[in-house]
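Next come the chains, spelled out residue by residue.
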Amino acid sequence: MPEHCVAIVIPHFQRSAAPLERALASVERQVCAAHLHVVLVDDGSPEPAGPILTRARANHPRWSLTLCEQANAGAALARNVALERLPREATAVAFLDSDDEWAPDHLSQALTALDAGLDLVFADHRRGDWPESKFRRLGVAASAHTALPGLPDICAWRGTLLVPVMRDHLIQTSGVVCRAALAASCRFPTDLVLGEDEVYWMQLIQRAGRVGMVMREMVQMGRGVNISQGGTWGDDRSVRLMLQNVTYWSSVVRKLPDESGLPALQLERLAMLRRELLRTWLHRLRRGRTALGNDILRGLLHTWGTSA
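Every value quoted in this text rests on a predicted model; they were computed, and no experiment measured them.

Looking at the packing of helix H1 (residues 18-28) against helix H2 (residues 49-59)
Two numbers describe how H1 lies on H2: the axes approach to 10 Å, and their chain directions differ by 35°. Note on packing geometry: the crossing formed by H1 with H2 is right-handed. Residue-level inspection shows Leu-20, Glu-21 and Leu-24 of H1 in contact with H2, the latter providing Ala-49, Ile-52, Leu-53, Arg-55 and Ala-56. For the contact of H1 with H2, the per-class residue count stands at six nonpolar, no polar and two charged.

Below, the structure is given as structure tokens:
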């Protein structure tokens, strides 16, 4: 039996089969010697996962599978269900969104990092419409962190991760691989629509001994169903996203009470959201668009109430 068994957590909610087919094909292309066990949760998807998995398993029988099905409840609960169903032999957990794809050596690089003493590792990532990867956009350089001997593409993070993770969104879900016991020690908060993944990463980081990065682009982000993106400034979709962000930033200090730098970051983000909500409210008011007006005003009051 391979030294590692990697449980791959995939929540699925898509309107076509193609995104999940591409994600599973990228699992099959992994060059690592570990046993791979996909734990897939069909979150009431309009395009059911069962037939997709049947076809994928016929073509790619390498990995074993646990399939869970539930009424639509969101990605946080879906991932928590998967964490409850990890195989006992799992030594590592990798997260993969059903519309993302991995580079062929993603898991081999991550497992090398774990074998070198890291407890959690995250990889650089890119979306098709980005001119450069996330690490490049944020100026994340290996020279600012701790090199691991003989591993030029992997380094241990030096310093705090609060601002990079929670303000700059440095960690993308499909880029994370960690020890199985660490992943199982926490759960994604199910009362959040946005930001639940970043709260979970910070909880893991608080418990981890050493956290590191794979400096190469290992994740190609897809364009499937994504509730955290979309909309044009001033439209209903963008308003709802801002209000969901108000909920998120109003609650993070309670969820991560041990992060001493978080209250200042919370005030910064709520002040930014207050300005954007006020601009949006005035913009829509001038154009006679009264829908969501009361929701915007309640969101504004909530930002002041939380900041007080």
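Describing the nonpolar core
Residues Phe-95, Phe-122, Met-166, Tyr-200, Trp-201 and Trp-249 are the most contacted members of the largest nonpolar core, which totals 59 residues. When near neighbours in sequence (up to four residues on either side) are disregarded, Met-166 contacts Glu-198, Val-199, Met-202, Tyr-248, Trp-249, Val-252, Leu-256, Leu-262 and Leu-265. Of all hydrophobic cores here, the second largest spans 41 residues; its members include Leu-24, Ala-34, Val-38 and Val-121.

A look at the packing of helix H9 (residues 236-255) against helix H10 (residues 262-286)
Between H9 and H10, whose axes approach to 10 Å, the crossing angle comes to 155°. Classified by the interaxial angle, the pair formed by H9 and H10 is roughly antiparallel. As for the relative orientation of H9 and H10, their crossing is left-handed in sense. Here Asp-236, Val-239, Met-242, Leu-243, Asn-245, Val-246, Trp-249, Ser-250, Ser-251, Val-252 and Val-253 of H9 come into contact with H10, specifically with Leu-262, Pro-263, Leu-265, Gln-266, Arg-269, Leu-270, Leu-273, Glu-276, Leu-277, Thr-280 and Arg-284. Taken together, the residues of the contact of H9 with H10 sort by class into 13 nonpolar, five polar and four charged.

Focus: the pairing of strand S9 (residues 176-179)
Sheet topology places strand S4 (residues 92-95) next to S9; three bridges connect them, and they run antiparallel. Residue pairing in the sheet places Ala-92 in a bridge with Arg-179 of S9. Here strand S6 (residues 120-127) pairs with S9 via three bridges, running antiparallel. Within S9, the residue paired with Val-121 across the bridge is Val-177.

Some words on the pairing of strand S1 (residues 5-12)
S1 sits mainly inside the fold: eight of its eight residues count as buried. Going residue by residue along S1, you find Cys-5, Ala-7, Val-9 and Pro-11 tucked away on one face and Val-6, Ile-8, Ile-10 and His-12 tucked away on the opposite face as well. In terms of strand pairing, S1 meets strand S2 (residues 35-43) through eight bridges, oriented parallel. Bridge pairing in S2 links Ala-7 to His-37. In this view, the connection linking S1 to its parallel neighbour S2 by way of H1 has right-handed handedness. Strand direction decides the pairing type here: S1 and S4, joined by four bridges, are parallel. Considered in S4, the bridge of Val-6 is made with Ala-92.

A short note on H1
Taken residue by residue, H1 has Pro-19, Leu-20, Ala-23, Leu-24, Ala-25, Ser-26 and Val-27 as its buried positions. Close packing links the buried residues of H1 with S1, S2, H2 and strand S5 (101-102).

Parameters and conventions
- Residues numbered from 1 in each chain as written.
- Predicted model: local features only at pLDDT ≥ 70, side-chain atom pairs only at ≥ 80, totals over all residues.
- Heavy atoms only, no water.
- Axes fitted to C-alpha atoms, helices over the stretch in contact; angles between N-to-C directions.
- Helix = DSSP H or I, 4+ residues; strand = E, 2+ residues; numbered from the N terminus.
- Left-handed = near helix turned anticlockwise from the far one by under 90°.
- Contact = heavy atoms within 4.5 Å.
- Nonpolar A, V, L, I, M, F, W, Y, C, P; charged D, E, K, R; others polar.
- Core = buried A, V, L, I, M, F, W, Y, C linked by side-chain atoms within 4.5 Å.
- Buried < 20%, exposed > 50% of the residue type's maximum accessible area, 1.4 Å probe, protein only.
- Parallel < 35°, antiparallel > 145°, perpendicular 65-115°, else oblique.
- Pairing = 2+ DSSP bridges.
- Right-handed = clockwise from strand over helix to strand, strands pointing away.

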